[in-house]
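# Structural description and commentary
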Amino acid sequence: MNPDGFPYAAPWWLPGGNAQTLWAALASRRHFGPVPRWTRSRWIAPDGDFIDVDQAQHTSLAGAPLLVLFHGLEGSSASQYAVAFADFAAANGLAFAVPHFRGCSGELNRAPRAYHSGDFEEIDWILKRFAAEHPGRPLFAVGVSLGGNALMRWAAEMGESASQSVRAAASVCSPLDLAAGGHAIGRGFNRLVYTRMFLGSMVPKALKKLEQHPGLFDRDALMAARNLFEFDNLFTAPLHGFRDTQDYWSRASAKPVLHQIRVPALALNARNDPFVPAESLPSPQQVGRHVTLWQPAHGGHVGFPVSHGVLGVPGHVRAMPEAVGHWLLAHL
């Protein structure tokens, strides 16, 4: 483990993981260059459904690397971290793309299937298509939160063959132990703020899915769900082949299989992340030699704001993409 691989120091005016999480998402500057502009493509999935892929319009050399970002729960190319990574890519001449998990691009997908934290099959066909469409570009992948757990699961499942698609992969603030993260987000302040925010987006989507596919789940029971455990038990788990939430969180977690990864992989987690308890983070003894662990003391959940502007305010969130991006590029 190298906790100082990203020597992050939080601004004095942002103490604690919640402040670093919320300020980064709501107020910090996301880009130094122009606002990213996107070209959207619709890809038909192997099962006949679709996903929408946003590719940044900034210029890059024909053989420059392509950086693919898998977003977090209910995220998109508009998420602060996606914009910050796009800005990093533009500044370094990289091509950049954000494939949206199903239902996260602004349009509901057609099939009952949505997306989940261990969705490595979806990651697999997406990365293979990127590799096939850009044969002259080295490919790197980064996953944030949910997307990072799914990406690490993919790398572990693929083993040696992962290198046929990517040179290196990174997860950022991912709940690699889903049970620990799921229980943490369901308690206290987290439940009042983050759980309410997520359910406020996920429940309406689930209800639209029920309109598409009557009888898919018990509507009254879903409306009564008050945390992610209950939501996953009624919707996410049964729709994706899991017995219940406990089965889903157990089988989809990347932490137990990190030792199987055979491509360079980085797992960055702040130890004060409100969603991911520090005691649940992997230790060096639990990962193989291909996995690098960065576990700085501060940063929050996909936060890592840095002082910027008059008196350091409003701050920016470009330091984390800079550190992660250069770690990936070191594996060219």
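Now for a look at the structure at hand. All values derive from a computational prediction rather than experimental measurement.

## Some words on the pairing of strand 3 (residues 66-70)
Of all the 5 residues making up strand 3, 5 are buried; the element is thus mostly covered by neighbouring parts of the structure. Pairing of strand 3 with strand 4 (residues 95-99), which is carried by 3 bridges, proceeds in the parallel orientation. Across the sheet, residue V68 finds its bridge partner in strand 4, namely A97. Following the chain from strand 3 across helix 2 (residues 80-91) to the adjacent parallel strand 4, one finds a crossover that is right-handed.

## A look at the layout of surface pockets
The computed volume of the largest pocket comes to approximately 1000 Å³. Elements with a minimum of two residues in the lining of the largest pocket: helix 1 (17-26), helix 2, helix 5 (178-185), helix 6 (188-212), helix 8 (228-239) and helix 9 (245-252). No other element matches helix 6, which puts 9 residues into the lining of the largest pocket. Taken together, the residues of the lining of the largest pocket sort by class into 28 nonpolar, 15 polar and 6 charged.

## A short note on helix 2
One turn of the α-helix equals 3.6 residues, which is why residues spaced by three or four share an orientation. Given a rise of 1.5 Å per residue, 12 residues ought to cover 16 Å, and the 17 Å separating the end C-alpha atoms of helix 2 matches this to within 8%. With 10 of its 12 residues buried, helix 2 lies for the most part within the structure. Where helix 2 is concerned, the buried positions are Q80, Y81, A82, V83, A84, F85, A86, D87, F88 and A89. In the core, the buried residues of helix 2 are packed alongside helix 1, strand 1 (38-44), strand 3, strand 4, strand 5 (139-144) and helix 10 (319-329). One or two positions beyond helix 2, positive phi appears at G93, with a value near 70 degrees.

## Digging into the packing of aromatic side chains
By convention here, two paired aromatic rings are described through the distance between centres and the angle between planes. In total, this model carries 17 aromatic pairs according to the counting rule given. Arranged with centres 6.5 Å apart and planes meeting at 35 degrees, the rings of F6 and W294 form a pair that is tilted. Placement of F6 in the segment before helix 1 and of W294 in strand 8 (residues 291-294) is noted, with a sequence separation of 288 residues between them. Site record: aromatic cluster; members linked through ring pairs are F6, Y8, W294 and F304. Between R42 and the ring centre of F50, over which it is positioned, the NZ or CZ distance is 3.8 Å.

## Section: the side chain of H71
Position of H71 relative to the elements: it lies in the loop between strand 3 and helix 2. At 3.4 Å, the side chain of H71 forms a polar contact with the backbone oxygen of G75. Setting aside residues up to four positions removed in sequence, H71 forms contacts with S76, Y81, V98, P99, H100, F101, C104, V144, L146 and G147.

## Some details on the sheet that holds strand 4
If you trace the 8 strands from one edge of the open sheet to the other, you get 1-2-4-3-5-6-7-8, paired in mixed fashion. Lying at the two open borders of the sheet, with one neighbouring strand each, are strand 1 and strand 8. Averaged over neighbouring strand pairs, the angle between their axes works out to 20 degrees when direction is ignored. Two strands pair when backbone bridges link them, and strand 5 and strand 6 (residues 168-172) are joined in this way by 5 bridges, in the parallel orientation. In the strand pairing of strand 6, A141 is matched with A169.

## Here we look at the packing of helix 8 against helix 9
Viewed as axis vectors pointing N to C, helix 8 and helix 9 meet at an angle of 80 degrees, and their least axial separation amounts to 8 Å. Classified by the angle between their axes, helix 8 and helix 9 sit roughly perpendicular to one another. On helix 9, the residues touching F229, D232, N233, T236 and A237 of helix 8 are T245, Q246, Y248 and W249. By residue class, the composition of the contact of helix 8 with helix 9 is 4 nonpolar, 4 polar and 1 charged.

Each value, and the rule that gives it
Residues numbered from 1 in each chain as written. Predicted model: local features only at pLDDT ≥ 70, side-chain atom pairs only at ≥ 80, totals over all residues. Heavy atoms only, no water. Buried < 20%, exposed > 50% of the residue type's maximum accessible area, 1.4 Å probe, protein only. Helix = DSSP H or I, 4+ residues; strand = E, 2+ residues; numbered from the N terminus. Pairing = 2+ DSSP bridges. Right-handed = clockwise from strand over helix to strand, strands pointing away. 1 Å grid on protein atoms, 1.4 Å probe; cavity = no way out; pocket = protein on both sides within 12 Å on 5 of 7 lines; lining within 4 Å. Points joined across faces, edges and corners; volume = space filled by probe spheres on them. Nonpolar A, V, L, I, M, F, W, Y, C, P; charged D, E, K, R; others polar. Expected span 1.5 Å × (residues − 1). Contact = heavy atoms within 4.5 Å. Phe/Tyr/Trp six-rings, centres within 6.5 Å; stacked < 30°, edge-to-face > 60°. Lys NZ or Arg CZ within 6 Å of the ring centre and 35° of its normal. Polar contact = N/O pair within 3.5 Å; in protein donor to acceptor, adjacent residues only side chain to side chain. Axes fitted to C-alpha atoms, helices over the stretch in contact; angles between N-to-C directions. Parallel < 35°, antiparallel > 145°, perpendicular 65-115°, else oblique.

All we've got here are geometric facts, nothing functional implied.
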